[in-house]
Amino acid sequence: MSNDGPTPLERFVQGIIPENPVLRQVLGICPTLAVTNTMEGAMTMTGAVLFVLACANVLISLIRGMLKPHLRILVFTLTIAAFVTVADRLLAAFMYDMSKQLGPYIPLIIVNCIIIARCEICAAKQGVWTAFSDAVGQSLGFGLALGCIATVREVLGFGTWFGKWLGWHVIPASIPTDVWSPWVIMVLPPGAFLTLGLLLGATNWMTARTKKA
Amino acid sequence: MDYLATILLLAISTALINNMVFHFFVGNCPFIGVSRKLDTAFGMGAAVTFVTTIAALLSWLITWAVLAPGAPLTTWVWHLIRPDAKGVVDLSILNYVVYIFVIAWAVQLVEMYVRKFFPALYKAFGVFLPLITTNCVILFVCLEIMKHVPSAGDVPDPWGLDKALIYAFCAGLGFLIAIVIMAGMREEIEHCDVPKPLQGPGITLIMAGILSLAFLGFTGMDSNLAKILKPAPTPAPEIKAAPPPAS
């Protein structure tokens, strides 16, 4: 059972670019848009998704022999909910500021389509190691997409990159405001939609170009 | 009158100003996936509104009676088991698991109801109904309500059942408005010559961005409306004289 389908390495590589959950499959849009106005939020979200996805995938893969088809989705959701509770409590304990900033979006990982899709596609059919490497690959792909969006939004919106953690000013604060001033719209919701839309367009364009070449 | 004004303000700020899709980004998956046709979009929005309201009713009751810190039912049961127990009983760690269970149950209920009484509607969005379980709007509403359920803990702005229900209904309504507008636009854009890479989700997201820009225009509407509806509601300049209300 664990021998058919892609190997762990293939799963891992596929998650990052070829089957990137955000850019290719367009799943999990809610956190992608909501937490990407700063790099810190994006990276914390990625960490939480990595934790939840890895734990849920491994557990589902271990119990895959016992799953009944009609109860499958319910089992997935409850497993994910349990691990999200753990992740939420951990964040509240060790990174209180981030937990406050991300607010309801950490519990909303429960209904993130990426995780249920991975449980369904990979973990319910394949072995533990494949499921684990799939989880890591998909989370890295998720993190990559979030990082791209957050970089655009934070640099244009605040002029910083990892502003709170590292304090890097990509665009020096000394530039006079009539030359360049932060684009407030990038921090607000419309910026998220526009950035992701254009990023999807750019991904499709590059895919089409590589295929032609 | 004061009560009515509060309710109206809550409704407007939930449905328009803090629109679920354009402000909180929840429910984006169906917003992009199911907004191709106007009638399916309307069906989806209506189903979400309905499920959200039911889930909000259940989750408010369960949170208030069982899950919140010092909830009456749990305390009563706990004191039956351990009559000499002290301290506040708190089951709020179970919140997420219970909410997702409640939502799954409510979706099942709606599915059965629609299949029995509206077969045509069931055919139109039968596929999407199970997907509502993973619609972020519903869980988001449950989580917001969780923060406002009156309990033994420190709740800044406690909501009764009435406010919770209105919040949930208007959140669903906001989603309905958003997805219907989007479906109308997408039906038109079918006839346009969209650049190839942007076709599908790309152009939809860009349109959503522009729409969300338009919805930003509602910002500040609530405070102005509050001024009209509640003329001079004690602006409280003498803070040191008035003792804070014991809530």
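Think of each chain on its own: its residues are numbered from 1, step by step along the sequence as written. Chains and ligands are labelled sequentially in the order written, the chains with letters from A and the ligands with numbers from 1. For this predicted model, a pLDDT threshold of at least 70 governs which residues receive local features, and a threshold of 80 or more governs which side-chain atom pairs are given and counted, while totals over whole chains, interfaces and linings are taken from all residues. Working from all heavy atoms in the structure, the side-chain values ignore hydrogens and water.

**Notes on the overall build of chain B**
Elements are defined by DSSP. Helices are runs of H or I of four residues or more, strands are runs of E of two residues or more, and each kind is numbered from the N terminus. The secondary structure content of chain B amounts to eleven helices and zero strands. For chain B, the sequential pattern of α-helices and β-strands runs α-α-α-α-α-α-α-α-α-α-α. Three labels apply to residues, based on accessible area from a 1.4 Å probe with only protein chains included: buried if under 20% of the type maximum, exposed if over 50%, partly exposed otherwise in between. For chain B, the proportion of its 247 residues judged to be buried stands at 43%. In what follows, a contact means two residues having at least one pair of non-hydrogen atoms within 4.5 Å. Nonlocal contacts in chain B, meaning residues at least 24 apart in sequence, comprise 73% of its contacts between residues at least 6 apart.

**Side note on the interface of chain A and chain B**
Taken together, the contacts link 37 residues of chain A with 33 residues of chain B. Once two parts are brought into contact, the accessible area they lose, counted with a 1.4 Å probe and summed over both, makes up the buried area. Three residues, C30(A), V111(A) and F193(A), lead the burial of chain A against chain B; their summed loss comes to 21% of the area buried on that side. A side-chain nitrogen of Lys or Arg and a carboxyl oxygen of Asp or Glu constitute a salt bridge if their distance falls within 4 Å. Applying the counting criterion to the chain A and chain B interface returns zero salt bridges. By the criterion applied in these results, polar contacts are pairs of N or O atoms within 3.5 Å in which, for protein atoms, one can donate a hydrogen and the other can accept it, and in which residues neighboring in sequence qualify only through two side-chain atoms. At the boundary of chain A with chain B, the tally comes to three residue pairs in polar contact (both at pLDDT 80 or more). Those elements that place two or more of their residues in the side of chain A that touches chain B are helix 2 (29-34), helix 4 (72-94), helix 6 (113-123) and helix 9 (189-212) of chain A.

**What to know about the side chain of T14(B)**
Mapped onto the elements, T14(B) comes out in helix 1 (residues 2-17). T14(B) sits in the buried class, given a relative accessible area of 3%.

**Topic: the packing of aromatic side chains**
Each aromatic ring pair is summarised here by two numbers: the centre-to-centre distance and the angle between the ring planes. Between rings of Phe, Tyr and Trp, where Trp is taken as its six-membered ring, a pair exists when centres lie within 6.5 Å; planes separated by under 30 degrees are stacked, by over 60 edge-to-face, and by other angles tilted. Scanning the model with the defined rule gives 15 aromatic pairs over all chains in all. Aromatic pair F22(B) and F31(B): ring centres 5.8 Å apart, planes at 90°, arrangement edge-to-face. Summarising the burial analysis for this pair, F22(B) and F31(B) share the class buried. Between F22(B) and F215(B), the aromatic rings sit 4.8 Å apart at their centres with planes inclined by 40°, giving tilted as the arrangement. Highlighted residues: F22(B) in the loop between helix 1 and helix 2 (28-33) and F215(B) in helix 10 (residues 201-216), separated in sequence by 193 residues. Comparing F22(B) with F215(B) shows no difference in burial state: the two are buried. Through a chain of ring-to-ring contacts, three or more aromatic side chains come together here, namely F193(A), F22(B), F25(B), F31(B), F215(B) and F218(B). When the NZ atom of lysine or the CZ atom of arginine is within 6 Å of a ring's centre and also within 35 degrees of its normal, the charge is said to sit over that ring. In this structure, K116(B) is placed above the aromatic ring of F117(B), and the distance from its NZ or CZ to the ring centre is 6.0 Å.

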